Amino acid sequence: MKEVIKLTNIIDAHVHLRTIADKRMPLCTPHTAKFVSGMLPMPNTNPHIYTSEDARKYRQEIELVLKHFELLGTVDIFPTIYLTPQTNVNDLVAGYLAGDVFSCKQYPRGATTNSAEGVSGIKEMFPIYQVMEKYGIPLHVHCEMPMDVDVDIFDSEKFAIQEMLIPILDNFPNLKVSMEHITTKKAAELVSSGRYPNLVATVTPQHLLYDRNKMLRGGLDSNLYCMPILKRKEHMEAIRNAVKNDERGVFLCGTDSAPHFKTDKNECGCAGVYSAPVFVEAYVKAFMEMNVLEKLQAFMSDNFCKFYGYTVPEAMQKTVVVEQVEPWKVPDVYDGIVPLFHGEELTLRARVQ
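Residues numbered from 1 in each chain as written. Predicted model: local features only at pLDDT ≥ 70, side-chain atom pairs only at ≥ 80, totals over all residues. Heavy atoms only, no water.

Bringing the nonpolar core into the picture now. Judged by nonpolar contacts, the single largest core of 113 residues is most densely connected at M179, F251, V280, L296, F299 and F304. Excluding its chain neighbours within four sequence positions, the residues that come into contact with M179 are V141, C143, I161, L165, A187, L190, V191, L199, V200, A201 and T202. (Core = buried A, V, L, I, M, F, W, Y, C linked by side-chain atoms within 4.5 Å. Buried < 20%, exposed > 50% of the residue type's maximum accessible area, 1.4 Å probe, protein only. Contact = heavy atoms within 4.5 Å.)

A few words now on the environment of Y334. Looking at the secondary structure, you find Y334 in the loop between β11 (319–329) and β12 (345–352). In this structure the C-alpha to C-alpha distance between Y334 and F261, which are 73 residues apart in sequence, comes to 9.4 Å. (Helix = DSSP H or I, 4+ residues; strand = E, 2+ residues; numbered from the N terminus.)

It is worth spelling out the sheet that holds strand β4 (residues 76–77) at this point. Taken together, three strands build an open sheet; the order of strands is β2-β3-β4 and the sheet is parallel. Either end of the sheet is taken by a strand with one partner, and the two such strands are β2 (11–15) and β4. As paired elements, β2 and strand β3 (residues 38–41) share three bridges and run parallel to each other. The residue of β3 that forms the bridge with D12 is M39. (Pairing = 2+ DSSP bridges.)

This paragraph deals with the sheet that holds strand β7 (residues 139–141). The parallel open sheet is built from six strands, whose spatial order is β5-β6-β7-β8-β9-β10. Only two strands of the sheet have a single partner each, and these edge strands are β5 (80–83) and β10 (251–253). Ignoring strand direction, the axes of neighbouring strands in this sheet form an average angle of 30 degrees. Taken together, the three bridges between strand β8 (residues 177–179) and strand β9 (residues 199–203) define a ladder with parallel strand orientation. Looking at the pairing, M179 lines up with A201 of β9. (Axes fitted to C-alpha atoms, helices over the stretch in contact; angles between N-to-C directions.)

Per the counting criterion, the structure on display carries zero disulfides. With no disulfide of its own, C28 lies closest to C270 among cysteine sulfurs, the gap being 14 Å. Of the residues examined, C28 reaches a relative accessible area of 2% and is grouped as buried. Note on C253: no disulfide assigned, nearest cysteine sulfur contributed by C305 at a separation of 12 Å. Since its relative accessible area comes to 1%, C253 is described here as buried. (Disulfide = S-S within 2.5 Å.)

This is how it looks when you write it as structure tokens:
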């Protein structure tokens, strides 16, 4: 075995853990929690995380799972609530000041999993953004157009940047905004430009590794279908170039690992790539292909800490070693969920030191 890289205090700034009730949380949470010092779970669960009380209870639910796997106290959880026009700003501020809420997530109505109650227009949201800006509450944006807007699925992110994201950035220059799981050249260039110092972006492993040919050529691979959808090769290369040349620390690890049982994937093609079991190896593979392995530590942890003013508590600090090993086969399924790289052989393996 040959050491490839050591990574300290990995933060997954966008992950789906689901709930205990739907049986996926106990299956999926350990795959991420084992390797990270912090994780930001998304609130489009069923039921959704709408209030500070919801966020507090959801955190407790995650902690129960962590305790079961002897990981409690080794992972920080950043609770996020589902932002809607009905969000109670007094409750939001109280929850934020009490530490029950870290941030808010905005979904376009109907454009992704469990987003039917999302936002269809942003002007009605301005009073909420104003309060968030005042108190320093971060905003995470799923940047696609609402489903009832007639726009091509491959252009949805591009239009949403112009119609929804830029007006937020122009009107609220001190609001910390993360454009989640970017997929287009337009997004990569906007984040890299420095035009908005309050803007960062998360990037998934699949959008660094693949273009849409991987998903579509030879028949649809529903296990690579996610929202926003994989785009043309030129967009993947633009995101790679932006990450490679990032000197401002504006690109963050956010796996968007989203578990769906194999039966659901086969029957409805539910959007989501389950990368959690191999996310460290996936990012290392991508950064090795880009020949910028030295930038992976910043991407996986340092940029998040810098942007959000976060210091990893001593009890949650971890070192993850990635080694070159003999080829090993990624399982076809983990507990009924098909992972990224399923059935493929990898020569990278991550372990906690």
